[in-house]
Amino acid sequence: MNNNYKLTLIKKSNQTCLQLRYKTQVVRNWYGRFAELIFSNTLNIKQAYTQNQHSLYFTKYQIQSLFTEITCLYQFINYQLKIDKDLVLENFPNKTCHVAEYLLFQIRINPIHMAHDDLLFYFLEEHNHYDISIFDKGINLLVGNNLIQMIITDDGEQFFDKNSKPHDHIYFKEHKTLVDCSSEISNMFSGIKLVNQPIQKLGNVYTINNEIF
Ligand SMILES: [Zn+2]
């Protein structure tokens with residue numbers, strides 16, 4: 001048996017890529033949280049494969065079943081996160097539906113508030129026939145239909161939030177990380193008048209400039 005196919009999980013700062021190679025040729029890449037889930041799912045069910053911590057090896061026949069498993073995993077997550085259901089309800093135009101589905105899937109599957117640049121990078125890597133204007137159109141449709149919200153920080157960074165209801169955030173400037181802020185912490189910040197940038201009705205973003213962790 002020739003294990004000529006190699007699946008490798010590559011992590012660089014906040015970005016994750018799962019790469020499938022046949023010998024030296026790249027066959028397919030997956031990005032973001034979905035890439036991590038494919039890898040951990042495959043590790044769990046394919047214990048018998050030759051493996052190390054970040055790479056798995058496959059024969060041609062095993063690759064065919066891997067693609068079936070990935071399709072099933074995608075459909076399962078899509079159903080759990082109500083991606084198709086919400087897009088159908090909002091009546092998205094057919095042409096943009098595929099783009100909107102990809103973006104909403106990436107934003108909802110991600111446990112953190114996704115940075116604009118990371119999502120754009122994933123989008124362009126996986127759709128090399130599209131450009132940034134299609135990305136912007138998809139995002140505007142999702143925001144316009146209240147399926148996500150976009151948060152802009154005081155240094156101009158943009159983040160996407162799967163929770164479209166107004167709520168407060170804390171922004172860690174050094175780490176370029178945005179997290180939800182409980183009402184208890186909001187009250188504390190309002191009390192001590194920390195740098196506070198109100199964004200109309202979407203909620204406040206409290207910026208923390210210092211390195212604290
Ligand atoms: Zn949030």
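Our subject is the structure that appears above.
Residues numbered from 1 in each chain as written. Predicted model: local features only at pLDDT ≥ 70, side-chain atom pairs only at ≥ 80, totals over all residues.

Draft legend 1. Here's a closer look at helix H2 (residues 60-80). If you check H2, its first and last C-alpha atoms are 31 Å apart, about what 21 residues at 1.5 Å a residue would give, namely 30 Å. With respect to burial, H2 is a largely exposed element, only one of its 21 residues being buried. A positive phi of about 55 degrees marks Lys82, the residue just after H2. (Helix = DSSP H or I, 4+ residues; strand = E, 2+ residues; numbered from the N terminus. Expected span 1.5 Å × (residues − 1). Buried ≥ 20, exposed ≤ 12 C-beta atoms within 10 Å, placed from the backbone.)

Draft legend 2. View of the environment of Ser40. Residue position: Ser40 is located in helix H1 (residues 32-45). On the basis of neighbour count, Ser40 is assigned to the exposed category, with 10 C-beta atoms found within 10 Å. Residues Ser40 and His54, 14 residues apart in the sequence, show an inter-C-alpha distance of 10.0 Å.

Draft legend 3. How the structure looks around the environment of Gly203. By the element assignment, Gly203 lies in strand S11 (residues 203-208). Gly203 sits in the partly exposed class, given 18 other C-beta atoms within 10 Å. For Gly203 and His167, which are 36 residues apart along the polypeptide, the C-alpha to C-alpha distance reads 4.8 Å. If we skip the residues at most four places from it in the chain, Gly203 touches Pro166, His167, Asp168 and His169. (Contact = placed C-beta atoms within 7 Å.)

Draft legend 4. Structural view of the packing of helix H4 (residues 94-109) against helix H6 (residues 132-144). Where H4 contacts H6, the two axes come as close as 9 Å, and the packing angle between them is 75 degrees. Here H4 lies roughly perpendicular to H6, going by the angle between them. The segment H4 lies against H6, with Thr96, Val99, Ala100, Leu103 and Leu104 engaging Ile134, Lys137, Gly138, Ile139, Leu141 and Leu142. Residues of the contact of H4 with H6, tallied by class, amount to eight nonpolar, two polar and one charged. (Axes fitted to C-alpha atoms, helices over the stretch in contact; angles between N-to-C directions. Parallel < 35°, antiparallel > 145°, perpendicular 65-115°, else oblique. Nonpolar A, V, L, I, M, F, W, Y, C, P; charged D, E, K, R; others polar.)

Draft legend 5. Structural detail: the sheet that holds strand S7 (residues 158-161). With antiparallel pairing, three strands are arranged side by side in an open sheet as S5-S7-S6. With partners counted over all chains shown, the strands left at the sheet margins are strand S5 (114-115) and strand S6 (149-152), one partner each. Both S5 and S7 contribute to a ladder of two bridges, which runs antiparallel. Bridging from a neighbouring strand, Ala115 pairs with Phe159 of S7. (Pairing = 2+ DSSP bridges.)

Draft legend 6. Molecular detail of the pairing of strand S3 (residues 25-31). Note that strand S2 (residues 15-22) and S3 share six bridges and pair antiparallel. The residue bridging Arg21 from the neighbouring strand is Val26, located in S3. What sits between S2 and S3 in their antiparallel hairpin is a turn of two residues, with Lys23 showing a positive phi close to 55 degrees.

Draft legend 7. Spatial organisation of the nonpolar core. Counting 34 residues, the largest nonpolar core has Ala35, Ala100, Leu103, Leu104 and Leu142 as its most contacted members. When residues of this core are assigned to their parent elements, the largest contribution, six residues, is made by H4. Leaving out residues up to four positions away in the same chain, Ala100 has contacts with Leu87, Phe92, Gly138, Leu141 and Leu142. (Core = buried A, V, L, I, M, F, W, Y, C linked by C-beta atoms within 7 Å.)

Draft legend 8. View of H6. Helix length check: H6, at 13 residues, gives a terminal C-alpha distance of 18 Å against a target of 18 Å (1.5 Å per residue), a fit within 8%. Residues of H6 that are buried: Gly138, Ile139, Leu141 and Leu142. The arc that holds every buried residue of H6, seen down its axis, measures 160 degrees, which confines them to one face. Among the exposed residues of H6, those oriented more than 90 degrees off its buried face are Ile132, Ser133, Asp136 and Gly144. Elements that come into contact with the buried residues of H6 comprise H4. (Arc of directions from axis to C-beta.)

Shape descriptors only; they carry no functional weight alone.
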